[in-house]
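In case you want the letters, here they are:
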Amino acid sequence: MKLTNKHNLPQTFMNVLHRNSYTKGKAHASVTELISSPRITQLRKLHWDDLEEDVSDKIWAIFGTAIHSVLELGKDENHVIEQRLHANVDGWDISGAVDLQHVDADGISISDYKTTGAWAVMNEKKDWEQQLNIYAWLVEKVKKVPVKKVEIIAIIRDWSRRDAKVKEGYPESPVKVINIPLWSFEDRENFIKARVKLHSDASFAIETGSDLPVCTPEEMWEKPTMWAVRKIGNVRAKAVLFKEEDANAMVEELGKGYEIEVRPGERTRCENFCQVRDFCNQWKDYQVSKGESK
């Protein structure tokens, strides 16, 4: 992948990214790859030399790495930090680097640092739950020691003192510890096996020239088209509905003076964050369906 610097950031930032020491070792997949879209993973591998990424898009990743490095200085005697573990599942080597393990006499607690926004903390992140439970599986599989608890330690980069005072559910401080549901060992292993099969099938599709599996709505961060009913001249909607017929029925019931605003759906990840969309026929078909193809 080519690293660009379209906004002429200092060379220091480029150097940091060029000197990135991350490696998943000889694993078939890292934990983050395993929970990601098989389609995106395979297209990234296939078109790696054709991809571009700008240094400005990596600033928060650099910030997150810096936070990790600083917090390592807070290690206690019963802490294990940044340990990479490997385990085999159905012929696939899975690897994950666990940020922090608290080792006690009765088991291990796992903490994962996330440098993130307030919105992510206030809304359920299914991939966090999946990631932490795979880490728990790795720890128990490799170390034969029970995992007692898994948690996210969120460092909120856009935290606002004012919003903390006035917004319901807003984090009270710039750091929030989020307890994550711990699945049974069997459920964790079944989930991992299912993900391995999805990625294995996608890899086989590339090797044989077959069609890749499509991304799911969740993987595309898809937002459905909505119909907003509002009083004519108002900005705020009286109701936002999933079905056009429900919106029509409401306007008919409310009478004159109300209108319907169509809020088109979108695939947020595809439109704003997917590096491989230019190589993706699913994205191109979607553009054609919306009349946006070039």
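Please read all numbers here as calculations on a predicted model, not as lab measurements.

Asks: So what's going on with the pairing of strand 10 (residues 226–231)? Residues and values would help.
Replies: Across a regular strand the side chains alternate sides, sitting on one face of the sheet and then on the other. Among the 6 residues that make up strand 10, 5 are buried, leaving the element largely enclosed by the rest of the structure. In this sheet, strand 12 (residues 258–263) lies alongside strand 10 in antiparallel orientation, the contact comprising 6 bridges. Residue pairing across strands places Met226 opposite Arg263, the latter belonging to strand 12. In terms of strand pairing, strand 10 meets strand 11 (residues 239–241) through 3 bridges, oriented antiparallel. Among the inter-strand pairings, Trp227 is bridged to a residue of strand 11, identified as Leu241.

Asks: Let's hear about the packing of aromatic side chains: which residues, and what values?
Replies: According to the stated counting rule, one finds 5 aromatic pairs in the structure shown. A centroid spacing of 5.4 Å and a plane angle of 80° characterise the contact between Trp183 and Phe191, whose relative ring orientation is edge-to-face. Residue Phe191 is classed as buried on the basis of its relative accessible area of 18%.

Asks: Can you lay out the layout of surface pockets for me, pointing to particular residues and giving the numbers?
Replies: The method is simple in principle: a probe with the dimensions of a water molecule rolls over the atoms, and the space it marks as empty is what remains. Of the volumes computed, that of the second largest pocket is approximately 200 Å³. Residue assignment for the lining of the second largest pocket shows that the elements contributing at least two residues are helix 3 (38–46) and helix 11 (281–289). Among the residues making up the lining of the second largest pocket, the classes are represented as 7 nonpolar, 3 polar and 3 charged.

Asks: Can you lay out unusual backbone geometry for me, pointing to particular residues and giving the numbers?
Replies: The phi dihedral of Asn8 is positive, around 55°, even though this residue is not glycine. Position of Asn8 relative to the elements: it lies in the loop between strand 1 (2–4) and helix 1 (11–18). For Asn8, a relative accessible area of 66% translates into the label exposed. A positive phi angle, close to 50°, is found at Glu82, a residue other than glycine. Its place among the elements puts Glu82 in strand 4 (residues 79–89).

Criteria and cut-off values
Residues numbered from 1 in each chain as written. Predicted model: local features only at pLDDT ≥ 70, side-chain atom pairs only at ≥ 80, totals over all residues. Heavy atoms only, no water. Buried < 20%, exposed > 50% of the residue type's maximum accessible area, 1.4 Å probe, protein only. Helix = DSSP H or I, 4+ residues; strand = E, 2+ residues; numbered from the N terminus. Pairing = 2+ DSSP bridges. Phe/Tyr/Trp six-rings, centres within 6.5 Å; stacked < 30°, edge-to-face > 60°. 1 Å grid on protein atoms, 1.4 Å probe; cavity = no way out; pocket = protein on both sides within 12 Å on 5 of 7 lines; lining within 4 Å. Points joined across faces, edges and corners; volume = space filled by probe spheres on them. Nonpolar A, V, L, I, M, F, W, Y, C, P; charged D, E, K, R; others polar.

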